[in-house]
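Inside the fold
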Amino acid sequence: MDITNISDEDLFSDEYLKKLMEKYKEKQERYNQIFNECAVRNQKILLNIHIEQIRRWSNARMDISND
């Protein structure tokens, strides 16, 4: 059954609703995957920023202690 060309009588059939739910589930899984990939990327970016801040703070402390 093609879910884009559906007759009025098939619109509320169990088969149509099942196919619609399958499509929804596929899309939802893909969106979740994209969201998780973005979350991991953002965590890596934040971690790198934090590491850089620690390096700068450490270098500034070493400069102060050498004076």
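Since this is a predicted model, take the numbers as computed values, not measurements.

A count of helical and extended segments in the chain gives one helix and zero strands. Radius of gyration (C-alpha) of the chain: 26 Å, far over the 11 Å computed for a compact globule of 67 residues. Taking all 67 residues of the chain together, the buried fraction comes to 1%. Across the chain, 11 positive and 13 negative side-chain charges occur, with their mean positions spaced 11 Å apart.

What follows covers the environment of Thr4. Looking at where Thr4 falls in the secondary structure, it is placed in the segment before α1 (14-66). Note on Thr4: relative accessible area 62%, which makes it exposed. A sequence separation of 34 residues divides Thr4 from Cys38, and the C-alpha atoms of the two residues are 31 Å apart.

Moving on to a nonpolar patch on the surface. Where nonpolar side chains cluster on the molecular surface, the patch consists of Ile45, Leu46 and Ile49 and spans about 280 Å² of accessible area. Turning to its location among the elements, Ile49 is positioned in helix α1.

Another aspect to go through is the environment of Leu20. Mapped onto the elements of the fold, Leu20 is located in helix α1. Residues Leu20 and Arg61, spaced 41 residues apart in sequence, show a C-alpha to C-alpha distance of 61 Å.

The next point concerns the pattern of salt bridges. Following the criterion strictly, the structure yields two salt bridges and no others. When the shortest N-O distance is used, the salt bridge between Arg55 and Glu52 registers 3.8 Å. Taken as a pair, Arg55 and Glu52 lie in helix α1 at a separation of three residues, close to a single helical turn. Notably, a salt bridge pairs Arg56 with Glu52, separated by 3.3 Å at the nearest N-O pair. Highlighted residues: Arg56 and Glu52, both in helix α1, separated by four residues, approximately one helical turn. Owing to a relative accessible area of 58%, Arg56 belongs among the exposed residues under this scheme. According to the relative accessible area criterion, Glu52 is partly exposed, its value standing at 31%. One salt-bridge network, held together by shared partners, links Glu52, Arg55 and Arg56.

Reading guide: rules and limits
Residues numbered from 1 in each chain as written. Predicted model: local features only at pLDDT ≥ 70, side-chain atom pairs only at ≥ 80, totals over all residues. Heavy atoms only, no water. Helix = DSSP H or I, 4+ residues; strand = E, 2+ residues; numbered from the N terminus. Rg over C-alpha atoms; globule rule 2.2 N^0.38 Å. Buried < 20%, exposed > 50% of the residue type's maximum accessible area, 1.4 Å probe, protein only. Lys, Arg positive; Asp, Glu negative; His and termini not counted. Charge placed at Lys NZ, Arg CZ, Asp CG, Glu CD. Patch = residues over 30% accessible without salt bridge, like charges linked within 9 Å, V, L, I, M, F, W, Y side chains within 5 Å. Areas by Shrake-Rupley, 256 points an atom, 1.4 Å probe, with all protein chains shown as cover. Salt bridge = Lys/Arg side-chain N within 4 Å of Asp/Glu carboxyl O.

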